[in-house]
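# Coordinate analysis (summary)
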Amino acid sequence: MFCSKCGTQLPNNAKVCPSCDTPVTSGNDINVKDIASFAGNKAKDTLDTIVNKTTEYGSELKQKSQEMQKSMEQQIEQQREQRISNANHAINNMFVDNDECEILTLGGSYLNNFLLTGTLKKGFCTLTDKRVYFRGNCYSRFGNEYRTNREERIVGLKDITGTGFVDIRYWWLKLIFIMSAILSLSFFILNESIPYNQHTTQTTAEFCTFFCCITIISLLSYIFFRKRYFEISYIGGNIAFKSSNYTISETQDFQKALHSAKDRSDAMS
């Protein structure tokens, strides 16, 4: 015989349940109502246990996730601080002589960003009274093309031979213009030379019109679309910066300051 509330096995002739003090009903067996009540209580206890465990595990998982995120953020911040420290150390040790006087920097915003974040996406050029320092993304000319490089270069003012702006046009637009012009002329001659046929004449005229449009578009694109670079030439090579990365006045001011510094350096030597 079992208790109708908690299900504890009862001793013979027991009047109350020794576990929960529930009075024992008469009869040798538990009725259907008692069984349903017992099952419901057990199910509720089991559900409560599952909910409590799930909440506990969820809380632990959330805490672990927060700890991992905090650890990753600390690592990222440490790496950022290390990059900034390296950037400041590099700038502080950039000048060859401690008595060099900085005159002007082309790309000062990129330099400031380098000091604040430790990352350098564009190049900058610093002019002193003795040298020119290049750092970051720069360009070197090979024939009629410029190739990007990551530079850390120092050039003395006495070795500077000149500065200027260079416009590089897209050679493939010129090629498209030449080919489309030849094709449009060929279809025009073909249209004029073949015997009259409405279908053939219409087809060749359409091709001629199409390639004439391509010719005009490619010619205008070749004329108006270009890359402009500010180039500094020195004995043994050259280095350039894409003009679109800097303002026109910033580039012109740097060019004037560079030539003025070189004139003073040449006068003193």
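Starting from 1, residues in each chain are numbered consecutively following that chain's sequence as written. Reporting of local features is limited, given that this is a predicted model, to residues whose pLDDT is at least 70; pairs of side-chain atoms are given and counted only at 80 or more, and all residues count toward the totals for whole chains, interfaces and linings. With hydrogens and water set aside, each side-chain value is computed from the structure's full complement of heavy atoms.

Each helix corresponds to a stretch of at least 4 residues labelled H or I by DSSP, and each strand to a stretch of at least 2 residues labelled E; elements are numbered beginning at the N terminus. Secondary-structure assignment places Val166 in strand 5 (residues 160–169). The contacts of Val166, once residues within four sequence positions are left out, are Arg141, Tyr146, Lys227, Arg228, Tyr229 and Glu231. We call two residues contacting when some pair of their heavy atoms lies within 4.5 Å.

A few words now on helix 3 (residues 171–193). By this rule the span expected of a helix is its residue count minus one, scaled by 1.5 Å. Between its first and last C-alpha, helix 3 extends 33 Å over 23 residues, near the 33 Å set by a 1.5 Å rise per residue. Think of it in three bands: with a 1.4 Å probe and only protein chains considered, a residue is buried below 20% of the maximum accessible area for its type, exposed above 50%, and partly exposed in between. Within the sequence span of helix 3, burial applies to Leu173, Ser180 and Ser184.

Further remarks concern the pairing of strand 3 (residues 131–142). Here is the key point about a regular strand: its side chains alternate between the two faces of the sheet. When DSSP locates at least two bridges between a pair of strands, those strands are taken to pair. Across 4 bridges, the pairing between strand 2 (residues 124–128) and strand 3 is antiparallel. Counted as the bridge partner of Thr126 is Tyr133 from strand 3. Two elements, strand 3 and strand 4 (residues 145–156), share 12 bridges in a ladder whose sense is antiparallel. Across the sheet, the residue bridging to Ser140 is Arg147, located in strand 4. What sits between the antiparallel neighbours strand 3 and strand 4 is a turn of 2 residues, in which Gly143 has the positive phi angle 70°.

What follows concerns the pattern of salt bridges. For salt bridges, the criterion is a side-chain nitrogen of Lys or Arg within 4 Å of an Asp or Glu carboxyl oxygen. Scanning all chains against the criterion turns up 9 salt bridges. When the shortest N-O distance is used, the salt bridge between Arg131 and Asp97 registers 3.5 Å. In this pair, Arg131 sits in strand 3 while Asp97 sits in the loop between helix 1 (32–92) and strand 1 (102–106), placing the two residues 34 residues apart along the sequence. Taking the shortest distance from any N to any O, the salt bridge between Arg228 and Asp167 comes out at 2.8 Å. Of this pair, Arg228 sits in strand 6 (residues 226–234) while Asp167 is found in strand 5, placing the two residues 61 residues apart along the sequence. What you see here is one network of salt bridges that share partners, running through Asp97, Asp99, Glu100, Lys130 and Arg131.

Side chains of a nonpolar character, in soluble globular proteins, are inclined to be buried together. Only buried Ala, Val, Leu, Ile, Met, Phe, Trp, Tyr and Cys residues count toward a nonpolar core, and they belong to the same one when joined by side-chain atoms within 4.5 Å. Counting residues in each nonpolar core, the largest one holds 28 residues, and the members touching the most others are Phe134 and Ile232. Listing elements by their share of this core, those giving two or more residues are helix 1, helix 2 (108–117), strand 2, strand 3, strand 6, strand 7 (237–242) and helix 5 (248–268). Those residues in contact with Phe134 that sit more than four places away from it in its chain are Phe124, Cys125, Glu151, Glu152, Arg153, Val155, Ile232, Ile239 and Phe241. Among the nonpolar cores identified, the runner-up in size contains 6 residues, and Tyr139, Tyr146, Ile168 and Ala240 belong to it.

Disulfides are defined as cysteine sulfur pairs within 2.5 Å. This model, assessed by the stated rule, comprises 0 disulfides. With no disulfide of its own, Cys213 lies closest to Cys212 among cysteine sulfurs, the gap being 7.0 Å.

What follows concerns the side chain of Thr251. In this fold, Thr251 is placed in helix 5. Since its relative accessible area comes to 2%, Thr251 is described here as buried. Apart from residues lying up to four places away in sequence, Thr251 is in contact with Leu106, Phe165, Phe230 and Tyr246.

Aromatic ring pairs are described here by two measures, namely the spacing of the ring centres and the angle between the planes. Paired rings are identified among Phe, Tyr and Trp, the last through its six-membered ring, by centres lying within 6.5 Å, and are further divided according to the angle between planes into stacked (under 30 degrees), edge-to-face (over 60) and tilted (the rest). Per the stated rule, a full pass over the model turns up 9 aromatic pairs. Relative to Tyr133, the ring of Phe95 lies with its centre 5.2 Å away and its plane at 40°, an arrangement referred to as tilted. On the criterion of sequence distance, the pair formed by Phe95 in the loop between helix 1 and strand 1 and Tyr133 in strand 3 is long-range, its members being 38 residues apart. Note on Tyr133: relative accessible area 1%, which makes it buried. Among the aromatic residues, ring-to-ring pairing joins Tyr110, Phe134, Phe241 and Tyr246 into one connected group.

A few words now on the confidence of the model for the protein chain. A residue's pLDDT is the confidence the predictor assigns to it, expressed on a 0 to 100 scale. With 90% of its residues at a pLDDT of 70 or more, the protein chain has an overall mean of 81. Mean pLDDT in the protein chain bottoms out at helix 1, which sits at 77, and peaks at strand 2, which reaches 92.

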